[in-house]
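Each chain, written out:
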Amino acid sequence: MRNDTPLTVIGNLVDDPELRFTPAGVPVARFTVASTPRSFDRETNTWRDGEPTFLDCSAWRQLAENLAESVTKGARVVVAGRLRTDRWETPEGEKRSRMVLDVDDVGASMTFATVTIARTTRPAAPHRETAPDDPWATASPHRPTTPTATAATANGPETEPPF
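Residues numbered from 1 in each chain as written. Predicted model: local features only at pLDDT ≥ 70, side-chain atom pairs only at ≥ 80, totals over all residues. Heavy atoms only, no water.

Undergrad: Tell me about the overall build of the protein, and name the residues and values.
TA: Secondary structure assignment for the protein yields two helices and eight strands. Of the roughly 12700 Å² of accessible surface on the protein, 52% is carried by carbon and sulfur atoms. (Helix = DSSP H or I, 4+ residues; strand = E, 2+ residues; numbered from the N terminus. Areas by Shrake-Rupley, 256 points an atom, 1.4 Å probe, with all protein chains shown as cover.)

See the structure below:
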């Protein structure tokens, strides 16, 4: 078991995510989320913004590519990940550090927006023989791929494998 510090933050993207690739070709997206607390001032009957918190974030692999294609500056997002501290030394010998969120998942906040979800396509898995009554061998009811799968899932969630 890892001793990570899990964190979920809701905020707005400060800039578009920056997608880069490591020398090995692994995609990484870096972005900053600004989270600003708000409180209601009963004396003036208005909302007041507090001091924003800026959190640097890193997303890797497929998440990085999906993120870079899906969100832009200003988008309100829900980011979940593990908090860590980056430490380094400047050429002048000064020690520096910053908090970074290693992102596990990102979602669009639907408090002030609507979202349309589009699944990414993945390479097909190698074909394997399955038993005819194998419930895991059928397609998802949300994406039927064959007429048989469509008929099997037409009755709704009852035809899905139990969890």
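Undergrad: Explain the nonpolar core to me, and be specific about the residues and the numbers.
TA: With 17 residues, the main nonpolar core has Phe31, Val33, Cys57, Val79, Val103 and Val106 as its most contacted residues. At the level of secondary structure, the elements contributing two or more residues to this core comprise β1 (5-13), β3 (27-35), β6 (53-60), α1 (61-70), β7 (76-89) and β8 (95-108). Apart from residues lying up to four places away in sequence, Val79 is in contact with Leu7, Thr8, Val9, Phe31, Val33, Cys57, Leu101, Val103, Asp105 and Val106. (Core = buried A, V, L, I, M, F, W, Y, C linked by side-chain atoms within 4.5 Å. Buried < 20%, exposed > 50% of the residue type's maximum accessible area, 1.4 Å probe, protein only. Contact = heavy atoms within 4.5 Å.)

Undergrad: Hey, could you go over unusual backbone geometry for me, with residue numbers and the actual values?
TA: Of note, Asn45 is a non-glycine position whose phi angle comes to about 60°, a positive value. Backbone geometry places Arg61, a non-glycine residue, at a positive phi of 60°. With respect to the helices and strands, the residue Arg61 is situated in helix α1.

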